[in-house]
Amino acid sequence: RPVLQDRGVMGDVAEPAPPGMGDPASHKAKAPTQPTSAAGAPERPPSPAAVSSNPAWDAAKAKPWDFDVWMALIQPLEKAGKESRADLRLVYQEFLEQFPLCYGYWDKLARLERSIAGGAMSAATPVYERGIAAVKCWELYLKYCGCAMLNCGVAPDEDDQATEQTEDEKVARTLFARAVSEVGGVYNSAKLWDAWYAFELARPKTVLFNGVEKTLTARLAVIAMRACTSPVNPITATKYLEIFGQTLFEADSLLQVATAVMPHLPADERELVQPVLSSDEGALRSALRASVDRCHGKARAKAEQLAPYEDKVCGTAGRPYFHVKPLSAEQKGSWEDYIAYAISQGNKEFITFIFDRALIAVASYPEFWLRYASYLASVGAPEEAKAVLKRGCTKFFKRRTTLVYERAMLEETMGYVDEARATYEELLSRTPSLPSVQAIIKLTNLERRAGNIEKSKTLYAQYIASFYELQEWQSYVFLSLHYASMLAQVARDALGARQVYVTCTEVIKAAAHSLPDDAQMPRLAMSVVQAYVSFEQAKGGVAGIELARAAFHAALEEDSGVSLEDRVELHMDFLDFEHDRGDVGHVRAQQIKCNAACIAGAVADIAAGVTSKKRRRSNAPEAARPSPAATAAAAQAAASAAVAAASAQAAARSTPYPGAAAYAAQQYYGGNYHYGQPAHHLQALATHILIIFLYKFFLIFCKLKKNGIAIFFKKRVII
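Our subject in this report is the structure included herewith.

Criteria and thresholds
- Residues numbered from 1 in each chain as written.
- Predicted model: local features only at pLDDT ≥ 70, side-chain atom pairs only at ≥ 80, totals over all residues.
- Heavy atoms only, no water.
- Phe/Tyr/Trp six-rings, centres within 6.5 Å; stacked < 30°, edge-to-face > 60°.
- Helix = DSSP H or I, 4+ residues; strand = E, 2+ residues; numbered from the N terminus.
- Buried < 20%, exposed > 50% of the residue type's maximum accessible area, 1.4 Å probe, protein only.
- Lys NZ or Arg CZ within 6 Å of the ring centre and 35° of its normal.
- Axes fitted to C-alpha atoms, helices over the stretch in contact; angles between N-to-C directions.
- Parallel < 35°, antiparallel > 145°, perpendicular 65-115°, else oblique.
- Left-handed = near helix turned anticlockwise from the far one by under 90°.
- Contact = heavy atoms within 4.5 Å.
- Expected span 1.5 Å × (residues − 1).
- Bend = angle between axes of the 7 residues up to and from the residue.
- Nonpolar A, V, L, I, M, F, W, Y, C, P; charged D, E, K, R; others polar.
- Pairing = 2+ DSSP bridges.
- Core = buried A, V, L, I, M, F, W, Y, C linked by side-chain atoms within 4.5 Å.

## Examining the packing of aromatic side chains
Then, in step 1: One pass over the full model with this rule turns up 26 aromatic pairs.
Then, in step 2: A ring pair is formed by Phe-355 and Tyr-372, whose centres lie 4.5 Å apart and whose planes are at 10°; its orientation type is stacked. You can see Phe-355 sitting in helix H15 (residues 348-361) and its partner Tyr-372 sitting in helix H16 (residues 366-378), a full 17 residues away along the chain. There is no split in this pair, since Phe-355 and Tyr-372 are both buried.
Then, in step 3: One aromatic cluster is present, formed by Trp-57, Phe-67, Trp-70, Tyr-92, Phe-95, Phe-99 and Tyr-105 through successive ring pairs.
Then, in step 4: The residue whose ring lies beneath Lys-108 is Tyr-105, and the NZ or CZ to ring-centre distance is 5.6 Å.
Then, in step 5: Positioned above the aromatic ring of Phe-249, the side-chain terminus of Arg-285 is 4.9 Å from the ring centre.

## Observations concerning the packing of helix H20 (residues 437-449) against helix H22 (residues 473-489)
Then, in step 1: As a packed pair, H20 and H22 sit with axes 11 Å apart at the nearest point and diverge in direction by 15°. Classified by the angle their axes make, H20 and H22 are roughly parallel. H20 and H22 meet at a crossing whose hand is right-handed. Packed against H20, whose contacting residues are Val-437, Ile-440 and Ile-441, the element H22 presents Ser-475, Phe-478, Leu-479 and His-482 at the interface.

## As for the environment of Lys-395
Then, in step 1: Checked against the element boundaries, Lys-395 lands in helix H17 (residues 382-396).
Then, in step 2: In sequence terms Lys-395 and Ala-363 are 32 residues apart; their C-alpha atoms lie 9.7 Å from each other.
Then, in step 3: Among all residues touching Lys-395, those that are not within four sequence positions of it are Gln-98 and Pro-100.

## Considering helix H13 (residues 281-314)
Then, in step 1: With 34 residues, H13 ought to run about 50 Å at 1.5 Å a step, yet its terminal C-alpha atoms sit only 43 Å apart, falling short of that.
Then, in step 2: Most pronounced at Ala-307, the bend in H13 amounts to some 45°, and the proline Pro-308 follows within four residues.

## Looking at the packing of helix H14 (residues 329-345) against H16
Then, in step 1: Where H14 contacts H16, the axes come no closer than 12 Å and their chain directions differ by 5°. When the axis of H14 is compared with that of H16, the two are roughly parallel. Mapping the contact onto sequence places Lys-332, Trp-335, Glu-336, Ile-339, Ala-340 and Ile-343 in H14 and Glu-367, Phe-368 and Arg-371 in H16.
Then, in step 2: Grouping the amino acids of the contact of H14 with H16 by side-chain chemistry returns 5 nonpolar, no polar and 4 charged.

## Re the pairing of strand E2 (residues 206-209)
Then, in step 1: Where strand E1 (residues 163-164) and E2 come together, 2 bridges link them in parallel fashion. Directly across from Glu-164, in E2, lies its bridge partner Leu-208.
Then, in step 2: In this structure, E2 lies alongside strand E3 (residues 212-215), joined through 4 bridges in antiparallel fashion. Across the sheet, Leu-208 pairs through a bridge with Glu-213, a residue of E3.

## Re the side chain of Lys-386
Then, in step 1: As for its position among the elements, Lys-386 is in helix H17.
Then, in step 2: Taking relative accessible area as the criterion, Lys-386 reaches 11% and is therefore assigned buried.
Then, in step 3: When sequence neighbours within four positions are dropped, the list of residues in contact with Lys-386 reads Leu-410, Glu-411, Tyr-416 and Glu-419.

## Observations concerning the nonpolar core
Then, in step 1: Ranked by internal contacts, the top residues of the largest apolar core, which has 173 residues, are Phe-95, Val-362, Tyr-476, Leu-479 and Ile-508.
Then, in step 2: A total of 10 residues in this core trace back to one element, the largest contributor, which is helix H9 (residues 216-228).

Okay, structure coming up:
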């Protein structure tokens, strides 16, 4: 009969894992070359000492996310023999904490535990259960069942006597039944069904289950019926449908077969078979076959719908298993299409089944976890959504915070504020020496939304002080500005917000003086100044105008920490402010200062450019050349001198800078200063000076004309 008589199918249980799943063969290209002796023969791998003294162990602990580092540690230990089993067990455990989706290594660890325990399956079971919880796939279930079968042995072919099933056989049967219930519906799970079928072929022909006799035919009929009515590959389903038909004709007791099969039929099919149980065998056989044929037809139709998607995700170009290498765009798109198809079917059980399969292959992509959690939340399963995000946070994204924030937000949305707070605090505890600014802000906002304004203030002050002690100035500024904004807009504490701005300005000013070569300090100072000025401008009224003007004046001081280029921009902003809110006196005064600042900026650019050009042409050794800091200091000094000269000249006049044409030139120069290249700076300055010169010449000409000298020039021109 066309049944799986070849017990060699048991060998499928020990097949190599796909690449990336932990099988050493998949990493041969990256494995260290085996040392050779002087004669050229391979030497036996040295037996490692305690793993804690192994340099590879230190490397793995330093870079726990590096898969190749772990492989360099594991492979020599696997070759070292029994004396390294304790070390290998520890390394497997630590490795699986980092890469729990590598099902091949769960199998390796379980079999190692079984070996250390003298072949006891009880030692391997907890490892397999942890593995199934981390990566529920038919491949790991196949290895789990294969390990359970090792203690069952093989019954003699001539043994026809009914025997009670052993405890080991009971464990294996229970495990097979559980495996096919959970993952037997996977399209390409044929090897799992084949292994179960082969297991029953190796058992006695008649087995007593708590005194109830079940023949081999009845046991095989149940397996065949369940396989052919699952949405597996149509070839596999057709094979087992034929096996089921054979068992109906070869059964010693058709009633026993029907009794064994009926619990696995749908309820409507059971109602059709139930009335003919007491009929003759022909009617019963026909009813059973018709019922199974209908179930098979429905399963096959579903399998044919899944076939295009399964071919993409499991075919030669697909990847249904986990690997540290990124998925190609085609592989990732295949899983996206499969998930979209599943959602379009509207069956929650099927959708979660496909999502769970997909999250093995695409576990490194947070968008799939978020999509799964969003779907569960949308169908009224927030607890399941929270569990999905928790699994992603704790197992696969320990160093990435995207899912942690989503998890905390979901917990807060569900009303679990304490759990959300604990999630943020756990994230902050991972890096106590340098906490995450984003996590701090999210935690303070959580407290604000919960009505704990004072707790939010305390957290801000605590972490701002911490960043000050660590001299993490960028984080200090970022958090301080958020704190000031919260005080001004939420707590309505303008005095407190102003104090935060002033303190931050003074701190960054002092830090900029102590770190003159740090390029980020002027940018940070500018950020604080702009935020402070915006805060004061928003106050309105006479008091607000004076406070904003005072903030501008403080920011425009040379020792404010703001760069010369940024001060030019602030001068222009200040001029716009005076035009909008000041009187004519303030406008004229700021216009003079703004022009002087623009000229100072051009002088600084020219000084820096000349110094840089001389340095490039110089043949002096590097140590003798001026440093960038010295060059910048020289440019700054030249600019300061220009500002002082221009300010003194402007103060001596009783009228503002000459005319609308000169003001237009200043605006033209300012635009080129901010948005042009150094050559544009010089060109703009030359244009500026030329227009001023022409304007002066025009005034002189007007005076000469008034005195009649212009007539002389006119006659000379005519002649």
